[in-house]
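Fold and geometry: a report
Each chain, letter by letter, is given below.
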Amino acid sequence: IATARLVPSWKKVRPLMAQWRSVEGLYQEQIVLLEALAKDFQLSFAHVEQLCRIRSLVPDILGRVLPCVVGGTPSRFLCQQIAPNLQDFIRMLHQGHTFLLLNVENPTGQYRLDLSNAADYAVAERLAILDEWEISAKVQLGRADTSQKGNNSQVRNVRFGERELAAQVMSEWIMPEKGILELDYASAKRPPPDARMLDEVPWNALLAAISKSGSTSSDTPDKVGRLVVESRLQALRQVSHLLFVTSMQMRQLLGSFATEVARAECFVILFNRIADMHNEKVFRVRFESQDELARLRDRLGHASYFPFMQPEQTRFSFDFAQYDQQMAANALVQIAAREKMGNLRQYSFVHLDGTVDPLVAGVPRAWENITKMPKEGTFYVGYECAPEDRKFQLRKELLETYGCWIATVEEDEVMWWSALKEVPLAVREYLEFLIGRYQSLDEVFRIIDGPGGNGVISFREFEDGIKKMKCRRFKGPNGAQKIADIFRYLDPSGEGQISKGEWKVLERIWKEVDMSIREFVQFCDRTWCPKDDTMSQAWTALDADGSGSITKKEWSSALQEAGFFGPAMPIFHFVDTDNEGSITADEFEALASYRKRPNPSAPIAAASS
């Protein structure tokens, strides 16, 4: 940018300032001159100070010329101090806030830029240059092209004046002086192998600060609440290039926000700072719907944010007219071809004219070759894979090749996970019962299989095991059907028995339920009882009416009010040991045991390296 702007020599400064003085009192002429200076010149702090001698225009001057001040952040800071009062300072911030919030070290985000505003224009210039630099770096490094249009660009979904940008890349576009430019920028920058994550103490402090801002009381006006959350997200963006986080930390952070918009913005800000993307399903389950995830992939890139390591329990929609979506679909077909083509579920292909092809002969094996895939149309598909069929090395290679994430881990170091929303209700209820009473699923398997068992569980053994464990969750007219549904879920092959390998599918769901409860206890400790061995302070805060019990409806409302936005019902069912639909203080106190309970989650070896 510096090489494309004029630097006034000392001989030119005097006539320049004289020209500025000559239009004093002529507001429109002054604004035109400021716009020209802001877009074509580089100015020093001394130059800006001279311009600001016209005190009535200080907010307009500073808001426009800050992007062209040489000397970086220190010089811009000095310029901001010229504002004579708080009102002018706020007006200056309003004029130049887009530029001031830009973090060139971590530019990934969504932008809506008014090119008639000098600050917004400066942001567009910088994004174009950053994109060109990243394109050159990717080509030199030999990285795969995962761009939206097959041009290596990091810029996505570009629209100018409600129309798609015609230029191949942003740097080739002659930027007009006015108009609305909208785009998503998804940087290809990734954490280095030696990335160091925040330690527990500073992380908890950050989490506590964000949590307090992520929620507002019911008395807070909606607009004020949104501004509070936005301000904390803006602060997070400013320091994001200094942070590296684990997938588990990202999960905790996402649980601090009530709305989809805030969660998405938080995730996008820290997307390139996640050091163990092979564990991404740990936080992916925190997004409430497949549509929410699809919108994130649209912003970040379908190939860049494809769940290479754990594509299970995901519904995909690939528009083959988009290069990166075609590439992501090709990667999924490659995985299925090596594991089992039958792992592709509920698929169909919709042609551009709306004709639906159910693909009755199956997904074409020719799609393993991206050049033989259709160039238009939409492919809908889901994916499921048994652990014993998983080709870990292939998934790891695809993650590194197309996602550009470093994954120096072995299969047993990955946190294999499941989303509760994709699991049948009866299975969730069964797990909630088990977690409250047993330390591990291996223990449960041994109980059901019996002393000297044969290593598999028949349906009769499963029924008897539920009775033996005194599980009352399935009493009533639908109880037998629920037990049958659980057994069928654990016996996908329909052989009439559950092997140890099939039983381990429950481990991924167990981890999610267990982690939800553990996170709630940690939230209580941060919020109410950091030095208390009991849960009494948390109970007092949640039992707002002092009735001595909390119903399901009261529970969900209380957690929302307190600022906990993780899964609420698994915690309630864990505490509600008598299954009466309400919890008491004594039942709630059982959560205190989680402070010393072993964590069943798989090790996070790569995240701590």
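Keep in mind that what you see is a predicted model, and the values were worked out from it rather than measured.

**Points about empty space enclosed by the protein**
Scanning the model with the defined rule gives three cavities of 30 Å³ or more in all. Lining the largest cavity are 16 residues, with T146, Q154, A186, L300 and S304 positioned closest to its centre. Taken together, the residues of the lining of the largest cavity break down into five nonpolar, eight polar and three charged. Considering only enclosed or pocket space, the second largest cavity measures out at about 100 Å³ in volume. Along the walls of the second largest cavity sit L207, S211, Q252, G255, S256, R286, E519, Q522, F523, R526, G563 and F564, which together make up its complete lining.

**A short note on the packing of aromatic side chains**
Scanning the entire structure with this criterion turns up 32 aromatic pairs. Ring geometry for F523 and F564: centres 5.4 Å apart, planes at 55 degrees, overall tilted. With F523 in helix α21 (residues 505–527) and F564 in the loop between α23 (552–562) and α24 (569–575), this pair connects stretches of sequence that are 41 residues apart. Seen from their ring centres, W539 and F588 are 5.5 Å apart, and the 50 degrees between their planes marks the pair as tilted. Within this pair, whereas W539 is found in helix α22 (residues 536–542), its partner F588 is found in helix α25 (residues 585–588), the two being separated by 49 residues in sequence. An aromatic cluster of three or more residues is present, and its members are F306, F308, F316, F318, F320, F349, W367, F379 and Y402. The positively charged end of K39 is found above the aromatic ring belonging to Y121, 4.5 Å away from the centroid.

**Quick notes on the nonpolar core**
The nonpolar side chains of soluble globular proteins are, as a tendency, buried together. F267, F283, F318 and F379 are the most contacted members of the largest nonpolar core, which totals 64 residues. Top element by residues in this core is helix α14 (residues 323–338). It accounts for eight residues. Those residues in contact with F283, other than ones at most four positions away along the chain, are S247, M250, R251, L254, F267, I274, M277 and Y305. Counting 55 residues, the second-largest nonpolar core is a separate cluster that includes F474, I498, L542 and F574.

**Digging into the sheet that holds strand β7 (residues 356–357)**
Ordered by their spatial adjacency, four strands build an open sheet running β5-β8-β6-β7, and the pairing between neighbours is antiparallel. Looking at which strands have only one partner, the edges of the open sheet turn out to be β5 (314–319) and β7. In this sheet, β7 lies alongside strand β6 (residues 344–350) in antiparallel orientation, the contact comprising two bridges. What sits directly across from F349, in β7, is D357. Taken strand by strand, α14 contacts β5, β6 and β8 (378–383), and its axis lies near 130 degrees from that of β5.

**A word on the side chain of E280**
Looking at the secondary structure, you find E280 in the loop between α11 (260–270) and α12 (281–284). The contact partners of E280, leaving out residues within four places of it in the chain, are S247, Y305, P307 and Q310.

What counts, and at which threshold
- Residues numbered from 1 in each chain as written.
- Predicted model: local features only at pLDDT ≥ 70, side-chain atom pairs only at ≥ 80, totals over all residues.
- Heavy atoms only, no water.
- 1 Å grid on protein atoms, 1.4 Å probe; cavity = no way out; pocket = protein on both sides within 12 Å on 5 of 7 lines; lining within 4 Å.
- Points joined across faces, edges and corners; volume = space filled by probe spheres on them.
- Nonpolar A, V, L, I, M, F, W, Y, C, P; charged D, E, K, R; others polar.
- Phe/Tyr/Trp six-rings, centres within 6.5 Å; stacked < 30°, edge-to-face > 60°.
- Helix = DSSP H or I, 4+ residues; strand = E, 2+ residues; numbered from the N terminus.
- Lys NZ or Arg CZ within 6 Å of the ring centre and 35° of its normal.
- Core = buried A, V, L, I, M, F, W, Y, C linked by side-chain atoms within 4.5 Å.
- Buried < 20%, exposed > 50% of the residue type's maximum accessible area, 1.4 Å probe, protein only.
- Contact = heavy atoms within 4.5 Å.
- Pairing = 2+ DSSP bridges.
- Axes fitted to C-alpha atoms, helices over the stretch in contact; angles between N-to-C directions.

The values are spatial; any link to function lies outside them.
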